[in-house]
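Chain residues, written in single-letter form:
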Amino acid sequence: MESQTIQVDHCAVRKEKPKSDQLDFGRIFTDHMFIMDYSDDLGWHDPRIEPYQQLSIDPSAMVFHYGQSVFEGMKAYLTAEDEIQLFRPEKNMQRLNNSNDRLCIPPIDEKFAIQAIKKLVSVDSDWIPEAEGTSLYIRPFIISTEPYIGVAPSLHYKFIVILSPVGAYYKEGINPIKIAVENEFVRTVKGGTGEAKTGGNYAASLKAQEIAGKKGFAQVLWLDGVEKKYIEEVGSMNIFFKINGEVITPELNGSILEGVTRNSVIQLLKYWDVPVVERKIGMEELQQAHHDGLLEEAFGAGTAAVISPISQFTWNNNDSLIKDGKTGAIAKRLYDTLTGIQYGREKDPFDWIVKVEKGSKIAH
Ligand SMILES: *Cc1c(COP(=O)(O)O)cnc(C)c1O
C-alpha cells in the first residue's frame with residue numbers, strides 16, 4: 001500500500017474559478033479528484049488523481065440501498081505567506097478508520113491517505129481561495145460499490161476525495177445562533193452509529209432540523225436517545241458550556257461524534273489553565289444554571305464554523321437568553337486562536353499544522 005504511487009491524469013480543460021468573495025458552501029468543485037478502489041481480492045489498489053467527473057456505478061451498488069458509507073470533513077488554508085496548511089489531518093484519517101470499523105468497511109492506510117490528500121490539494125492548489133476566512137474544503141469519503149442487493153458488508157468500495165472552495169462562515173463577524181432543544185427526535189443512540197461519521201446519521205437528523213428551521217432556529221440541541229435528558233451535540237457540532245467559571249462538554253458516551261475541533265478546544269483550554277471537564281450534563285442542570293445566573297457561555301465546535309456561539313436555547317417553549325446574547329470571551333478567544341493557527345497567524349504550540357507543497361503551475 002505505502003509503496004503504491006499515485007498516478008496523476010491532469011484534466012485537459014481547467015474550469016473557471018469562482019471569485020473568492022462570492023463563495024458559499026459546497027456547490028463548486030475543483031478540477032481533480034482522488035480515487036482508489038477496493039476489492040476483496042486486491043485490497044485497496046489503483047490510487048489515482050483524475051479529472052473531476054461523474055462516477056459510473058451500478059444501480060444495484062450497495063451504497064444506494066443500505067447506506068454503507070463514511071465521510072470526513074477537513075480544510076486546507078492559505079496563509080498570508082502563501083503557504084498551504086492542513087489542520088490535524090491525522091485525526092481525520094484516524095476517525096475515518098474508526099467509522100470504517102463501525103460500518104464494516106476495510107481500513108485504509110492513514111499515512112497513505114494523508115499523502116493522497118496532500119497530493120490532490122497540491123495539484124489543485126490554485127483553487128484555494130485567498131479572501132479572509134475562506135478555505136478549500138476537503139471531503140474524503142468511502143462508498144460500497146458491490147453490485148448486490150443482499151444485506152452484507154460489500155466486497156467492493158471506492159475511496160474518493162473531492163475539494164470545494166468555500167466562503168467565510170462568518171461574513172460579518174461571529175454570529176450567535178438560537179437553538180431548539182429537541183424532545184421528540186433523536187440523532188442516534190448509544191450502540192448505534194453516532195460515533196461514526198456516516199451519512200445515515202445526517203439523514204436521521206434532517207426532519208428535526210427542518211421543523212426547527214421553520215420555527216426560526218438555526219440548529220437543534222440533541223439529547224441522549226435513551227432518557228432524553230442529557231445533552232449530546234448541537235446540529236452537527238459538539239457543544240460546550242461555561243458555567244460558573246468552568247467549561248463543560250458532554251463526555252464521549254458511545255453516541256457523540258468526537259470532533260477534531262472539540263479535541264482541540266479541550267487542549268487549548270487546558271493549555272490556558274481554564275478549568276474544563278468532560279462529563280454528563282442534563283437539561284435540568286443547564287436550565288437551573290441559567291436560572292441561577294451561572295450560565296456564562298454556550299457554543300458549538302466543528303470544522304465548518306470552528307466556534308459557533310449560542311445566544312439562546314428554547315426548551316419546552318421556554319426561551320433562555322444566554323447572558324446578553326453576545327459572543328462570550330472564551331468562545332471569541334478559542335475562535336481567534338484556532339483560526340489564527342489554521343491561517344498561520346498564530347504560533348502552533350501543539351504541532352497541529354501540516355504543510356502542503358504548492359503544485360507547479362501546469363501549462364494549460
Ligand atoms: C463532523 C461532526 C462534528 C465535528 O467534528 P469536527 O472534526 O470538529 O469537524 C461534530 N458532530 C457531528 C455529528 C459531526 O458529524
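Here's what I pulled together on the structure shown here. (Residues numbered from 1 in each chain as written. Predicted model: local features only at pLDDT ≥ 70, side-chain atom pairs only at ≥ 80, totals over all residues. Heavy atoms only, no water.)

**Let's talk about the pairing of strand β6 (residues 84–87)**
Part 1 of the reasoning: Alternating residues of β6 divide into I84 and L86 and Q85 and F87, and every residue in both groups is buried.
Part 2 of the reasoning: In this structure, strand β5 (residues 74–78) lies alongside β6, joined through 3 bridges in antiparallel fashion. Residue Y77 lies in a different strand from β6, and its bridge partner there is Q85.
Part 3 of the reasoning: Where β5 hands over to β6, the hairpin turn is made up of 5 residues, of which D82 adopts a positive phi near 70 degrees. (Buried < 20%, exposed > 50% of the residue type's maximum accessible area, 1.4 Å probe, protein only. Helix = DSSP H or I, 4+ residues; strand = E, 2+ residues; numbered from the N terminus. Pairing = 2+ DSSP bridges.)

**Some thoughts on empty space enclosed by the protein**
Part 1 of the reasoning: Per the stated rule, a full pass over the model turns up 2 cavities of 30 Å³ or more.
Part 2 of the reasoning: Along its surface, the largest cavity is lined by 14 residues, and M74, K75, Y77, F87 and T303 are the ones closest to its centre.
Part 3 of the reasoning: Elements that contribute at least two residues to the lining of the largest cavity include exactly β5, β6 and α5 (260–271).
Part 4 of the reasoning: Per-element tally for the lining of the largest cavity: the top contributor is β5, with 3 residues.
Part 5 of the reasoning: Its residues assigned to classes, the lining of the largest cavity shows 7 nonpolar, 6 polar and 1 charged.
Part 6 of the reasoning: Among the domains, domain 1 (7–171 + 352–361) and domain 2 (177–326) are the pair contributing at least three residues each to the lining of the largest cavity. (1 Å grid on protein atoms, 1.4 Å probe; cavity = no way out; pocket = protein on both sides within 12 Å on 5 of 7 lines; lining within 4 Å. Points joined across faces, edges and corners; volume = space filled by probe spheres on them. Nonpolar A, V, L, I, M, F, W, Y, C, P; charged D, E, K, R; others polar. Domains from an automatic or database assignment.)

**Side note on the site of the ligand**
Part 1 of the reasoning: Around the ligand, a shell composed of 14 residues is seen, among which K197, Y202, E233, T261 and T303 lie nearest.
Part 2 of the reasoning: Contact between the ligand and R95: an oxygen atom at 2.8 Å from a side-chain N or O atom of the residue.
Part 3 of the reasoning: In the environment of the ligand, an oxygen atom lies 2.6 Å from a nitrogen or oxygen atom belonging to the side chain of T303.
Part 4 of the reasoning: When the free accessible area of the ligand is taken as 380 Å², the share hidden by the protein chains comes to 96%.
Part 5 of the reasoning: Because more than half of its atoms lie within 2 Å of the grid, the ligand is assigned to the largest pocket.
Part 6 of the reasoning: Considering only residue class, the shell around the ligand consists of 4 nonpolar, 6 polar and 4 charged. (Near = heavy atom within 4 Å. Polar contact = N/O pair within 3.5 Å; in protein donor to acceptor, adjacent residues only side chain to side chain. Areas by Shrake-Rupley, 256 points an atom, 1.4 Å probe, with all protein chains shown as cover. Sits in = over half its atoms within 2 Å of the grid points.)

**Notes on the layout of surface pockets**
Part 1 of the reasoning: Quantified by volume, the largest pocket comes out at close to 1,100 Å³.
Part 2 of the reasoning: Together, 43 residues line the largest pocket, and Y202, Q219, S236, M237 and A304 are the ones closest to its centre.
Part 3 of the reasoning: Mapped by element, the contributors of at least two residues to the lining of the largest pocket are β7 (135–144), β8 (156–166), α4 (199–214), β10 (219–223), β12 (237–243), α5 and β15 (295–302).
Part 4 of the reasoning: Per-element accounting of the lining of the largest pocket gives the leading share, 5 residues, to α4.
Part 5 of the reasoning: Of the residues assigned to the lining of the largest pocket, the class counts are 19 nonpolar, 17 polar and 7 charged.
Part 6 of the reasoning: A domain split of the lining of the largest pocket shows at least three residues from each of domain 1 (7–171 + 352–361) and domain 2 (177–326).
Part 7 of the reasoning: Within this model, the second largest pocket holds a volume of roughly 660 Å³.

Any link to function would need more than the numbers given here.
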